Amino acid sequence: MSPVLKAMDPKATRGYRNRNPGNIEHVAANAWQGLADPPSDGRFCRFTSHEFGIRALAALLVTYQDRHKLRTPRAIIERWAPKVENDTAAYIAVVARRIGVGPDDAIDLHRHEHLRPLVEAIVHHECAGLTYPATVIDRALTLAGVPPAAPVTLREVAAVTGTGRGAVLVGAAGIATAVAQAAPAIQALGTLAPAVAIAVIAAAVLGVLAWRLRRPA
């Protein structure tokens, strides 16, 4: 009797090891941000971080929409995973179901709420059910130019909750968003001493939050 095959560990997949969960093939002409050295494992791109790998996936999907006018899960996946080496029909069905739309429904990949579930569905399908924390996906999509919606103001949260907890929520969300949107600039601080870089980042984030709390509703 053949042994029962266990489900593959998502973190053992090639996509996860390469920090390239979309399994983007390496093309020398495509100088993706965050490519590792060497940039390829022989076929697929290698990235220095998972955020850069997910960013490349998101950027490529947006290009499908803008340059190739592909606006439905079916059209996007038929290009992403051609039938010559994939069960494309099954792939389309899985992706559409995870996004919560029909295979031929139009989606707008410049909207975070449409791009994020598509990226997550492709990562899940490509890497044996792999999922990333929401913060990782959001940082990656911010790098790709499609950030999550800005957090609401302190007054709006306080009005809804009726408690001082609104300040904590806005503070945490504000810090997360400010750091994500500042990611490219933060990378430029890499040449500074760690203590100096941290001080610069902290001052910038605190300044943003102080401004948010002072401004009128």
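Criteria and cut-off values
- Residues numbered from 1 in each chain as written.
- Predicted model: local features only at pLDDT ≥ 70, side-chain atom pairs only at ≥ 80, totals over all residues.
- Heavy atoms only, no water.
- Pairing = 2+ DSSP bridges.
- Helix = DSSP H or I, 4+ residues; strand = E, 2+ residues; numbered from the N terminus.
- Phe/Tyr/Trp six-rings, centres within 6.5 Å; stacked < 30°, edge-to-face > 60°.
- Buried < 20%, exposed > 50% of the residue type's maximum accessible area, 1.4 Å probe, protein only.
- pLDDT = per-residue confidence, 0-100.
- Contact = heavy atoms within 4.5 Å.
- Axes fitted to C-alpha atoms, helices over the stretch in contact; angles between N-to-C directions.
- Left-handed = near helix turned anticlockwise from the far one by under 90°.
- Nonpolar A, V, L, I, M, F, W, Y, C, P; charged D, E, K, R; others polar.
- Parallel < 35°, antiparallel > 145°, perpendicular 65-115°, else oblique.
- Expected span 1.5 Å × (residues − 1).

### Describing the pairing of strand 1 (residues 35-40)
Successive side chains on a regular strand alternate, one facing one side of the sheet and the next facing the other.
Thinking step 1. Strand direction decides the pairing type here: strand 1 and strand 2 (residues 45-47), joined by 2 bridges, are antiparallel. Note on strand 2: the bridge partner recorded for Leu35 is Phe47.
Thinking step 2. In textbook terms, the turn of a hairpin is the stretch between consecutive antiparallel strands, and for strand 1 and strand 2 this stretch comprises 4 residues, one of which, Gly42, has a positive phi near 115°.

### A look at the packing of aromatic side chains
Thinking step 1. Within the structure shown, the criterion is met by 2 aromatic pairs.
Thinking step 2. Taking the centre distance of 6.4 Å and the plane angle of 20° together, the rings of Tyr16 and Tyr132 count as stacked. Of this pair, Tyr16 sits in helix 1 (residues 14-17) while Tyr132 sits in the loop between helix 5 (112-126) and helix 6 (134-143), and the two are 116 residues apart along the sequence.
Thinking step 3. With a centroid separation of 6.1 Å and 65° between ring planes, the pair formed by Tyr64 and Trp80 is classed as edge-to-face. Of this pair, Tyr64 sits in helix 2 (residues 50-68) while Trp80 sits in helix 3 (residues 73-80), placing them 16 residues apart in sequence. In this pair, the class of Tyr64 matches that of Trp80, namely buried.

### Focus: the confidence of the model for the chain
Parts of the model with low pLDDT should not have their predicted coordinates read in detail.
Thinking step 1. Looking at the chain, pLDDT values average 81 and 67% of them are 70 or higher.
Thinking step 2. Counting interchain partners and residues more than four positions distant, the pLDDT-below-50 stretch residues 1-5 has 0 contacts.
Thinking step 3. In the predicted structure, residues 165-170 sits below a pLDDT of 50 and forms 10 contacts with residues beyond four places in sequence or in another chain.

### Observations regarding unusual backbone geometry
Thinking step 1. For the bond running from Asp37 to Pro38, omega is 0°, close enough to zero to count as cis.
Thinking step 2. Inspection of the secondary structure puts Pro38 in strand 1.
Thinking step 3. Even without being a glycine, Asn23 presents a positive backbone phi close to 55°.
Thinking step 4. Position of Asn23 among the secondary structure elements: in the loop between helix 1 and strand 1.
Thinking step 5. Exposure remark for Asn23: the relative accessible area of 17% places this residue in the buried category.
Thinking step 6. Of note, the phi angle at Ala128 is positive, near 55°, even though the residue is not glycine.
Thinking step 7. With respect to the helices, strands and loops of the structure, Ala128 is situated in the loop between helix 5 and helix 6.
Thinking step 8. For Ala128, a relative accessible area of 37% gives the class partly exposed.

### Observations regarding the packing of helix 5 against helix 6
Thinking step 1. Closest axis-to-axis distance for the helix 5/helix 6 pair is 11 Å, and the angle between their directions is 120°. The two elements helix 5 and helix 6 cross, and the hand of that crossing is right-handed. Touching His112, Leu115, Arg116, Val119 and Glu120 of helix 5 are Ala134, Ile137, Asp138 and Leu141, all from helix 6.
Thinking step 2. Grouping the amino acids of the contact of helix 5 with helix 6 by side-chain chemistry returns 5 nonpolar, 1 polar and 3 charged.

### A word on the environment of His114
Thinking step 1. Structurally, the position occupied by His114 is in helix 5.
Thinking step 2. Put simply, His114 and Gly100 are 14 residues apart on the chain and 9.9 Å apart in space, counted from C-alpha to C-alpha.

### Here we look at the packing of helix 2 against helix 6
Thinking step 1. Two elements in contact, helix 2 and helix 6, have axes separated by 8 Å at closest approach and are oriented at 55°. Comparing their axes, helix 6 and helix 2 come out oblique. You can see that helix 2 and helix 6 cross each other, and the crossing is right-handed. On helix 6, the residues touching Glu51, Phe52, Ile54, Arg55 and Ala58 of helix 2 are Val136, Ile137, Arg139, Ala140, Leu141 and Leu143.
Thinking step 2. Split into classes, the residues belonging to the contact of helix 2 with helix 6 amount to 8 nonpolar, no polar and 3 charged.

### Some thoughts on helix 5
Thinking step 1. Helix length check: helix 5, at 15 residues, gives a terminal C-alpha distance of 21 Å against a target of 21 Å (1.5 Å per residue), a fit within 8%.
Thinking step 2. Among the residues making up helix 5, those that are buried are His112, Leu115, Pro117, Leu118, Val119, Ala121, Ile122 and Val123.
Thinking step 3. Tucked into the core, helix 5 has its buried residues touching helix 2, helix 3, helix 4 (88-99) and helix 6.
Thinking step 4. With its phi angle positive at about 55°, Ala128 sits one or two positions after the end of helix 5.

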